[in-house]
Structure formats: structure tokens, C-alpha cells
Number of protein chains: 2
Amino acid sequence: MIPVQKALPEATLSRMTGYLRALEAMREVGRSTISSEVLAAAAGVNSAILRKDLSLLGTFGTRGVGYRIEVLAETISATLGLERDWRVGILGAGNLGRALAGYAGFREGGFSIQAVFDVAENIIGDTVAGLTVRPVGELAAATAELGLNMAVLAVPGPAAQRLCDRVVGAGITNILSFAPVILHVPEGIHIRRVDMARELQILAYHAGFGAGRPADPA
Amino acid sequence: MIPVQKALPEATLSRMTGYLRALEAMREVGRSTISSEVLAAAAGVNSAILRKDLSLLGTFGTRGVGYRIEVLAETISATLGLERDWRVGILGAGNLGRALAGYAGFREGGFSIQAVFDVAENIIGDTVAGLTVRPVGELAAATAELGLNMAVLAVPGPAAQRLCDRVVGAGITNILSFAPVILHVPEGIHIRRVDMARELQILAYHAGFGAGRPADPA
DNA sequence: CGATGTGAACCCTTTCACAGCG
DNA sequence: CGCTGTGAAAGGGTTCACATCG
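Residues numbered from 1 in each chain as written. Chains lettered and ligands numbered in written order. Predicted model: local features only at pLDDT ≥ 70, side-chain atom pairs only at ≥ 80, totals over all residues. Heavy atoms only, no water.

Asks: Give me the nonpolar core: which residues, what numbers.
Replies: One finds Ile-76 of chain A together with Ile-76 of chain B to be the most contacted residues of the largest nonpolar core, which totals 106 residues. The contacts of Ile-76 of chain B, once residues within four sequence positions are left out, are Met-16, Tyr-19, Leu-20, Leu-23, Leu-54 and Leu-57 of chain B. (Core = buried A, V, L, I, M, F, W, Y, C linked by side-chain atoms within 4.5 Å. Buried < 20%, exposed > 50% of the residue type's maximum accessible area, 1.4 Å probe, protein only. Contact = heavy atoms within 4.5 Å.)

Pasting the structure below:
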């Protein structure tokens, strides 16, 4: 009802991207409206929570009909801030950095990879996803020149804090890190971490539950 | 107090791996005990929740002293099921697959990469992290032969469901997917998803909050 | 005396179920 | 009549604060 002004809850936020993805798929199939039931199934959630999430955007579904795919996709996209011009620099041109540079999902939604940096002499100058790998020393200059406003850290744990500091020093305030360490950043810097090893460990726990246990009497 | 029998809450689980990492670091520095305050800081959480999490393991800290690092690390490790012999097959030998194959974090905690598969003729036979890339056709045979009990899907979205089905067909019941799609699996199959694009989008939202907004009166 | 372990309060999410609207 | 939008209820998770114990 009321248009968005307040921050969305984290839980809602993490589902929004799934809705967006499902909506794009629907759009490609040529549909124009969709019910919460169907969209929820496509996004892998239940319909009640989908409706509640959408209601936070100050929504506008049509009772008895559903949501207009086009309108909904644009609203979500705008809410997430994907309308802005996100210029991303990747730190680390190892396999992970290369994978991310070429990852289609990163190119969608306004994110464009503008530069790739590394410290290793022997790969500086290589071409990665159409970009020339630069020395980290050029970080500040490149940030200004290219207007970078987001950094992805794809470097080993021990190097991460040091490079993170340089990223911050260069004036970038938004960081996505793949390094398995806690990074310390000043107030005002937004940081998120993807922890791939964590996921494997959680999977191991669920997988082993009941199997590696002390004998389940029953 | 009571030794573990029940499943740990998801939230607790996702912090455990952080504690484990911090404990390893402490161990290397040669400490033998640690307080909840210090460990919590190292893991990036507050001490109250750390104590509550550990109490779920049926714990054994010493009041006035803290926890024994060695004992705690082993308890967590055993609880997560890292004592088991996890034999991982990676599907997809592109940049992401290669990055994962070489990722140190995946080699820790009992996970060992045993095989890498791909469908592309031109890379079958390549060497990745010391392993020869096999055709996906060998999946079932290799699973039996090598005792694979975990699969990592590092393939493009459109191929993921198909390959997921083959993984399940080969008898692997634990899957970590990096593909940005909802995968459908039979009852009894454990699956987790890492969504890298999602993280960027959430970061964009937080970054843009207050900036891309309709003008904040005040 | 210092740090754990935990009841109780609080807050955030999810689910239920249905009134209300197109 | 069907589907949205939402109060109200239920369920988890986190924080507080302190009794308890080594």
C-alpha cells in the first residue's frame, strides 16, 4: 500500500533476486501476468511469503488476476538499485577472478566489470574477459578514471585484508569478498562475504546427520 | 549440558565454520584456552551468541577460564561431520570449476577433490589441480570406483538440471550447486546453492540505500 | 573474581487464514 | 469467483543480564 521508504528486511532481500530471475524467465516465455502461486513455485518459495514480500514494495497486484510481470520486474529491479550504473573492479586474476569476470550473472542487472587487478608480475598484462590485467598499484588511478564503485575480492585469505585496505583507500565503498577471513573496514563501507567452504561444511553436516551419529536407538 | 542428539539450528550451523576457522588460527599461535569474548571477536560475532551456540554442543567450558581450544575444535569438527571421508567430484572444468578444484578451503576439513568432469570435448583430458578432466559419461563409473559422495556443480544455469539428474543417477546424494537456478531433486538428496549474483544484488541495495531514493526529507 | 551457561525478554520471519477487491 | 493483501498467531533466533561455578 504505502510506497517503499523503509529498508527491506534482509530475509526479503535475499529472496528478491530469485523473484527477479523467475520473472525474467516468464517474460521470455511471453506471459504478461502471473499469480503468486505460480511465481512462488518458480522461485522456490511458498506463495504466502511471496505476497508478503511484494506487499513491502507497496504493491499493486490485481485481485483475481495476479501481477503484471513487466511492472513487477521493473519495480524490484529499481528497488534493488540495479538501475544504477555499477562499475566493478575485480581483485585477483586467478581462476576465481577469471570465473567471476566471465560470469554471466555478474553482467546482468547493471553490473559491468571494468577492470581486473593482480599482484603477480607474470599475469599482469594478460587478457581476462576482454580486459587487460592491471597491477594493483593502478587501483586508485583506475578507480577514478573508470568510476569504479564496487570491488570484488577474489584473492587468497592472507592477502585479503591488505587488498581490502587498498580498495577502501582508493575510494571504493562497496566490496564483495570471496576470501575466507573476517575483514575489518571503516564505518560507511559496505561489505559482503561469500564463504564457499562454509557451504560445503554445512552440506556435510546435513548429509552426515543420522549416519555419523552415536547410534540412533529406535 | 546434554550431549548433542538434536539437529543444530541453521543459524548456529552457519557460524560454526567461522568458529572452527578462528580456533585453527588460535591453535597455530600456540594458545591452549580462549574466552568466549576473544573467540567471538575473532569469528566476528558477539560473545553471547557464541556461548549459546557452544552450549548446544553439550559444552564444557571452564568458568573463570574459557574453552580449551583443542577440545573445542575437535568437537565442532566432529559435529559437522568433517571427520568423515568426503570424496568430491566437480562437474564443470571451466574457470569456476578450476578455481574450486584448487581452492584451499575445499581441501580442509576432510574434503578431497577426487575427480573433475566436463562435457566439452576440447578440455577433456586436460589436467586440473593434478586431475585429468573426464567426460561426464564416466560419472557413474567414477562414482563407484572412487567412492564419490559429494558433487559440486560448477556449470552454466541451463545445463545444471540435466547434470544434477545425472549426479543423482550416479548415486551421489550431496550436491553443492553454483548455478543460478532452482534444482529439483528427489527426496533424500541434500542440496545447497551458492548464488554469487544474489550477493552482488544485495550489496547494491545496501550501497544504494539513501542514495538512489526519492529524496529523503529532513 | 572472572567467564560460563541460561532463563526471560525481545525482535525478526514465517505461516495461517480470511476479509476485501477486481 | 479467484487471488491479493494483511492482521493475527506461531516459531526461531538474538540479546540481556545474572546466578552459578571453577
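Right, picking up where we left off after that structure.
Asks: So what's going on with the sheet that holds strand 5 (residues 127-128) of chain B? Which residues, and what values?
Replies: On the basis of which strands lie adjacent, the open sheet formed by seven strands has the order 5-6-4-3-7-8-9 (chain B) and mixed pairing. Looking at strand neighbours, the two that pair on one side only are strand 5 and strand 9 (190-193) of chain B, the edges of this open sheet. (Pairing = 2+ DSSP bridges. Helix = DSSP H or I, 4+ residues; strand = E, 2+ residues; numbered from the N terminus.)

Asks: Could you give an account of the protein's contact with DNA strand D, naming the residues involved and the relevant values?
Replies: Near DNA strand D there are 24 residues, and of these Ser-36, Gly-61 and Gly-64 of chain A together with Asn-46 and Arg-63 of chain B occur at the shortest range. Of all DNA strand D atoms lying within 4 Å of any protein atom, the proportion belonging to sugar or phosphate reaches 65%. In the environment of DNA strand D, a phosphate oxygen lies 2.9 Å from a nitrogen or oxygen atom belonging to the side chain of Tyr-67 of chain A. Lys-52 of chain B has a polar side-chain atom sitting 3.3 Å from a base oxygen of DNA strand D. Contributing elements (two or more residues each) for the surface near DNA strand D: helix 3 (47-55) of chain A together with helix 1 (10-29) and helix 3 (47-55) of chain B. (Near = heavy atom within 4 Å. Polar contact = N/O pair within 3.5 Å; in protein donor to acceptor, adjacent residues only side chain to side chain.)

Asks: Residues and numbers for helix 9 (residues 196-208) of chain A, please.
Replies: All names here are of chain A. Taking 1.5 Å per residue as the helical rise, helix 9 with its 13 residues ought to reach 18 Å, and the 19 Å between its terminal C-alpha atoms agrees with that figure. Of all 13 residues making up helix 9, eleven are buried, and the element is well covered by its neighbours. Of all the residues in helix 9, the buried ones are Met-196, Ala-197, Glu-199, Leu-200, Gln-201, Ile-202, Leu-203, Ala-204, Tyr-205, Ala-207 and Gly-208. Among the residues of helix 9, the N-terminal cap falls to Asp-195, whose side-chain oxygen and the backbone nitrogen of Ala-197 are separated by 3.3 Å. (Expected span 1.5 Å × (residues − 1).)

Asks: If you had to explain the protein's contact with DNA strand C to someone new, which residues and values would you point to?
Replies: Around DNA strand C there are 25 residues in total, and Arg-15 and Asn-46 of chain A together with Ser-36, Gly-61 and Arg-63 of chain B lie nearest to it. Protein-proximal atoms of DNA strand C, defined as those within 4 Å of the protein, fall in sugar or phosphate at a share of 62%. Between DNA strand C and Arg-15 of chain A, the relevant distance is 2.7 Å, taken from a phosphate oxygen to a side-chain nitrogen or oxygen of the residue. In the model, a phosphate oxygen of DNA strand C is placed 2.8 Å from a nitrogen or oxygen of the Gly-61 of chain B main chain. The set of elements that each furnish at least two residues to the surface near DNA strand C consists of helix 1 (10-29) and helix 3 of chain A together with helix 3 of chain B. Partitioned by chemical class, the residues of the surface near DNA strand C number seven nonpolar, ten polar and eight charged. (Nonpolar A, V, L, I, M, F, W, Y, C, P; charged D, E, K, R; others polar.)

Asks: A description of the relation of the copies chain A and chain B should follow, citing residues and the corresponding values.
Replies: Relative to chain B, chain A is turned by 180 degrees and slid 0.0 Å along the rotation axis, the superposed coordinates differing by an RMSD of 0.0 Å. One copy is carried onto the other by what is essentially a two-fold rotation axis. Of every C-alpha in chain A, the one belonging to Asn-95 of chain A sits nearest the axis of rotation, 2.7 Å from it. The share of interface residues of chain A whose copies in chain B are also at the interface is 100%, consistent with both copies meeting through the same surface. (Least-squares fit on C-alpha atoms with pLDDT ≥ 70 in both.)

Asks: Residue-level account of unusual backbone geometry, with values.
Replies: Here Ala-129 of chain A, not a glycine, exhibits a phi torsion of approximately 50 degrees, which is positive. As for its position among the elements, Ala-129 of chain A is in the loop between strand 5 (127-128) and strand 6 (131-135).

Asks: Hey, could you go over the packing of helix 9 of chain A against helix 1 of chain B for me, with residue numbers and the actual values?
Replies: Where helix 9 of chain A meets helix 1 of chain B, the axes come as close as 10 Å, and the angle between the chain directions of the two elements is 120 degrees. Looking at the two axes, helix 9 of chain A sits oblique to helix 1 of chain B. Handedness of the crossing formed by helix 9 of chain A with helix 1 of chain B: right-handed. Facing Ala-197, Arg-198, Gln-201, Ile-202, Tyr-205 and His-206 of chain A of helix 9 of chain A, the residues of helix 1 of chain B in contact are Glu-10, Leu-13, Ser-14, Thr-17, Leu-20 and Arg-21 of chain B. (Axes fitted to C-alpha atoms, helices over the stretch in contact; angles between N-to-C directions. Parallel < 35°, antiparallel > 145°, perpendicular 65-115°, else oblique. Left-handed = near helix turned anticlockwise from the far one by under 90°.)

Asks: Run through the sheet that holds strand 7 (residues 150-153) of chain A, naming residues and quoting values.
Replies: Sheet architecture is open: seven strands sit in the order 5-6-4-3-7-8-9 (chain A), paired in mixed fashion. Edge positions in the sheet fall to strand 5 and strand 9 (190-193) of chain A, since each of these pairs with one other strand and no more. In this sheet, strand 9 of chain A lies alongside strand 8 (residues 174-177) of chain A in parallel orientation, the contact comprising four bridges. Of the residues in strand 9 of chain A, the one forming a bridge with Ser-177 of chain A is Arg-193 of chain A. Each of strand 3 (86-91), strand 4 (111-118), strand 7, strand 8 and strand 9 of chain A is contacted by helix 9 (residues 196-208) of chain B, which is oriented at about 165 degrees to strand 9 of chain A, the strand it contacts most.

Asks: Just give me the short version of the packing of aromatic side chains, but keep the residues and values in it.
Replies: All names here are of chain A. Evaluation of the coordinates by the stated rule reveals two aromatic pairs over all chains. Where Tyr-103 meets Phe-106, the ring centres are 5.2 Å apart and the plane angle is 70 degrees; that geometry is what we call edge-to-face. Exposure class is identical for Tyr-103 and Phe-106. Each is buried. (Phe/Tyr/Trp six-rings, centres within 6.5 Å; stacked < 30°, edge-to-face > 60°.)

Asks: Before we move on, could you go through the confidence of the model for chain A and cite the residues and values that matter?
Replies: A residue-level look at chain A finds 94% of positions with pLDDT of 70 or above and a mean pLDDT of 92. Long-range and interchain partners of residues 212-218 of chain A, a stretch whose pLDDT sits below 50, account for four contacts in this model, where long-range means more than four residues apart. (pLDDT = per-residue confidence, 0-100.)

Asks: An account of the interface of chain A and chain B is needed here, citing residue identities and associated values.
Replies: Counting from both sides, the interface comprises 57 residues of chain A and, opposite them, 58 residues of chain B. Taking both sides of the interface into account, the surface hidden between chain A and chain B amounts to around 5600 Å²; carbon and sulfur atoms contribute 65%. Its largest share of buried area at the contact with chain B, chain A owes to Leu-200, Gln-201 and Tyr-205 of chain A, together 12% of the area lost on that side. In this structure, the connection of chain A to chain B is made through four salt bridges. Where Asp-195 of chain A meets Arg-21 of chain B, a salt bridge forms, and the shortest distance between an N and an O atom there is 2.2 Å. Counting the contacts that link chain A with chain B gives 16 residue pairs in polar contact (both at pLDDT 80 or more). Sorting the residues of the side of chain A that touches chain B by element identifies helix 1, helix 2 (36-43), helix 4 (69-80), helix 5 (95-102), helix 6 (104-107), strand 8, strand 9 and helix 9 of chain A as the ones contributing at least two each. At 13 residues, helix 9 of chain A tops the list of elements feeding residues into the side of chain A that touches chain B. Of the residues in the side of chain A that touches chain B, the class split is 33 nonpolar, 13 polar and eleven charged. (Buried area = accessible area lost by both parts, 1.4 Å probe. Salt bridge = Lys/Arg side-chain N within 4 Å of Asp/Glu carboxyl O.)

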